[in-house]
Amino acid sequence: MSVSSITEKQKRPRGLFYKLRQKGGIGLTHLILLVGGLIWMYPFLWMLGSSLKTNGDFFDQGLNIFPRQVEWSNYVNAWNEASFGQYFFNTAIVAGTTVIVVLLFTAMAGYALARTKFPGKKLLLGLIALTLFLPHGYTIIPVFDVVQRLGLLNTLASVILVQASGGMVFSTFLFMGYFSSMEREIEDAARVDGANFNQRFWMVMFPLAGPMLATVALFTFIGAWNSFFIPLVFTLGVPELRTLAVGMYAFIAENSTNWTYLAAGSVITLGPIMVVFILLQRYFINGVAGAVKS
């Protein structure tokens, strides 16, 4: 068979059976993804529905999502009885400040590592990368000793300091990869106009790193908001400084029989994370794509 006949055969329009089979395959893929998504989302939907049930309906309805009678008072009672208002404020302060500190320091470090060359750079990056594999359990004692010597124990500042330092390495590598993938033309134009290294970063590169800023902010916010071990250790002596994760643990110990209050408290804890992710998901996808591409 000649090459021309093969080419003509490939150019022939596809038949109806082929089109139906192709559409059927796409439809089956979407159906599988939809079912998988519903299975993945079911625990959260069940928790959301259980937070609006009465205590009796919680046991009578089993795995049913929809409540017979909506009880919004579960959220009010959980908020008041568990001091969730204070815990929410503490968590917002810790998460917000941690995000700001991590963004500023890691963006500067990532840009410096991406745009400068110096002897031993690869060795330094390798040593920094090794710290990613150190579990928190093995480093918490020396960190605790440093925080205590600084006089920051049992303060929110200690939680912010330790939480921010724990996310520095990973975020720095993300910024380094993102800045390395950016073209140098705009930066060179700023250099020609007389901008020094710091001016090129703050006035040119930093504003252009919006997707990666959103990505790092999202990662850092989720980590700081959900953190349990660090706030537990560094605020153990002051219950008023508990974050939501630690406060939720104490609430479970005190209200282990009232499952509707526990479900309401869980929704309060997870709600801000979902809102932040929905708002930043477009930037998150673009930022991860840019870092991976580099």
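Here, the structure is the one placed above.
Fair warning: this is a prediction, and the values are worked out from it, not measured in the lab.

Cut-offs applied
Residues numbered from 1 in each chain as written. Predicted model: local features only at pLDDT ≥ 70, side-chain atom pairs only at ≥ 80, totals over all residues. Heavy atoms only, no water. Helix = DSSP H or I, 4+ residues; strand = E, 2+ residues; numbered from the N terminus. Buried < 20%, exposed > 50% of the residue type's maximum accessible area, 1.4 Å probe, protein only. Contact = heavy atoms within 4.5 Å. Areas by Shrake-Rupley, 256 points an atom, 1.4 Å probe, with all protein chains shown as cover. Phe/Tyr/Trp six-rings, centres within 6.5 Å; stacked < 30°, edge-to-face > 60°. Expected span 1.5 Å × (residues − 1). Arc of directions from axis to C-beta. Salt bridge = Lys/Arg side-chain N within 4 Å of Asp/Glu carboxyl O. Polar contact = N/O pair within 3.5 Å; in protein donor to acceptor, adjacent residues only side chain to side chain.

Asker: Which residues make up the overall build of the protein chain, and what are the values?
Answerer: Along the protein chain, the regular secondary structure elements total 15 helices and zero strands. Burial statistics for the protein chain: of 294 residues in total, 35% are counted as buried. The long-range fraction of contacts in the protein chain, counting pairs at least 24 apart against all pairs at least 6 apart in sequence, stands at 72%. Approximately 17800 Å² of the protein chain is accessible, and the part contributed by carbon and sulfur atoms is 69%.

Asker: How would you sum up the packing of aromatic side chains? Please name residues and give values.
Answerer: Taken as a whole and judged by the stated rule, the model has 19 aromatic pairs. Consider the rings of Trp-46 and Phe-58, whose centres lie 5.6 Å apart with planes at 50°: the pair is tilted. Of this pair, Trp-46 sits in helix α2 (residues 16–50) while Phe-58 is found in helix α3 (residues 55–60), placing the two residues 12 residues apart along the sequence. Ring centres of Phe-58 and Trp-259 lie 6.4 Å apart, and the angle between their planes is 5°; on these two criteria the pair is classed as stacked. Taken together, the residues Phe-58 in helix α3 and Trp-259 in helix α15 (residues 259–293) connect sequence positions 201 residues apart. By relative accessible area, Trp-259 is classed as partly exposed at 39%.

Asker: So, helix α11 (residues 197–208): which residues are in play, and what are the values?
Answerer: An α-helix turns once every 3.6 residues. As a result, residues three or four positions apart point the same way. Here α11 contains 12 residues, and its C-alpha end-to-end distance of 16 Å stays within 8% of the 16 Å for a straight helix at 1.5 Å per residue. Taken together, the buried positions of α11 are Arg-200, Phe-201, Val-204 and Met-205. Down the axis of α11, the buried side of the element spans an arc of 130°, and every buried residue falls inside it. Among the exposed residues of α11, those oriented more than 90 degrees off its buried face are Asn-198, Met-203 and Pro-207. Where the residues of α11 are buried, they touch α5 (84–115), α9 (168–181) and α10 (185–192).

Asker: Lay out the pattern of salt bridges with the relevant residues and their values.
Answerer: Taken as a whole and assessed by the stated rule, the structure comprises five salt bridges. As a salt-bridge pair, Arg-115 and Glu-187 come within 2.7 Å of each other at their nearest N and O atoms. Pair noted here: Arg-115 is in helix α5 and Glu-187 is in helix α10, with a separation of 72 residues, a long-range link. Glu-187 carries the same exposure label as Arg-115, and that label is buried. Connected via shared salt-bridge partners are Arg-115, Glu-187 and Arg-200.

Asker: I'd like a rundown of unusual backbone geometry, residues and numbers included.
Answerer: Not every positive phi belongs to a glycine, and Asn-154 is a case in point at roughly 60°. Locating Asn-154 in the fold gives a position in the loop between α7 (136–149) and α8 (156–166).

Asker: Tell me what's going on with the side chain of Ser-227, and back it up with residues and numbers.
Answerer: Inspection of the secondary structure puts Ser-227 in the loop between α12 (210–226) and α13 (229–234). Classification of Ser-227 as buried rests on a relative accessible area of 10%. One polar contact links Ser-227 to Gln-163, side chain to side chain, over a distance of 2.9 Å. If near-sequence neighbours (up to four positions away) are discounted, Ser-227 is found in contact with Gln-163, Thr-243 and Ala-245.

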